[in-house]
Amino acid sequence: QVQLVESGGGLVQAGGSLRLSCAASGSIFSINVMAWYRQAPGKQREWVATITSGGSTMYVDSVKGRLTISRDNAKNTVYLQMTSLKPEDTAVYYCNAHVRPSSTSTYLNYWGQGTQVTVSS
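Residues numbered from 1 in each chain as written. Predicted model: local features only at pLDDT ≥ 70, side-chain atom pairs only at ≥ 80, totals over all residues. Heavy atoms only, no water.

### A word on the pairing of strand β11 (residues 115–120)
Okay, step 1: Here β11 shows a buried face lined by Thr115, Val117 and Val119 and an unburied face lined by Gln116, Thr118 and Ser120.
Okay, step 2: Both strand β2 (residues 10–13) and β11 contribute to a ladder of four bridges, which runs parallel. Paired with Gly10 across the strands is Val117, a residue of β11.
Okay, step 3: Relative to β11, strand β9 (residues 91–101) is paired through three bridges, and the arrangement is antiparallel. Bridge pairing in β11 links Ala91 to Val117. (Buried < 20%, exposed > 50% of the residue type's maximum accessible area, 1.4 Å probe, protein only. Helix = DSSP H or I, 4+ residues; strand = E, 2+ residues; numbered from the N terminus. Pairing = 2+ DSSP bridges.)

Encoded structure:
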């Protein structure tokens, strides 16, 4: 069984920084794409950033230059460094990964449980 566990959320003032982590555990053969999504109160979940196994990254326009996604393949972990935070960044942040478990020959989609980020003005 593969699990994704996020950590690092919290309360921060506008202009502050946070670093989110998401570690994948279990019987993992390989991990392809890893990503972060977020869901603000009363809104749909939106994609934030993606990183491939080779390190290529993509971001939603609203976070470019402020949020940075990275990964440690040896630790099966993805990070989201968040700087210059704004109140509109307040949301539950979820990590997502395309994982090939050791027991299968296909990649499956997994989600973490989410971590709350609150930015006060």
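### Some words on the pattern of salt bridges
A pair can form between side chains of opposite charge whenever their charged atoms are brought close.
Okay, step 1: Under the criterion given, the structure shown has four salt bridges.
Okay, step 2: Here Arg38 ties to Asp89 by a salt bridge, and the two come within 3.0 Å at their closest N and O atoms. Linking Arg38 in strand β4 (residues 28–39) with Asp89 in the loop between β8 (77–82) and β9, this pair joins segments that are 51 residues apart in sequence. As far as burial versus exposure is concerned, Arg38 and Asp89 are alike and both buried.
Okay, step 3: Two residues, Asp61 and Lys64, come together in a salt bridge whose shortest N-O distance is 2.9 Å. (Salt bridge = Lys/Arg side-chain N within 4 Å of Asp/Glu carboxyl O.)

### Quick look at the state of the cysteines
Okay, step 1: Overall, the coordinates contain one disulfide when judged by the stated rule.
Okay, step 2: Paired through a disulfide, Cys22 and Cys95 show a sulfur-sulfur distance of 1.9 Å. On the criterion of sequence distance, the pair formed by Cys22 in strand β3 (residues 18–25) and Cys95 in strand β9 is long-range, its members being 73 residues apart.
Okay, step 3: Taking the relative accessible area as the measure of exposure, Cys22 reaches 0% and is therefore buried. (Disulfide = S-S within 2.5 Å.)

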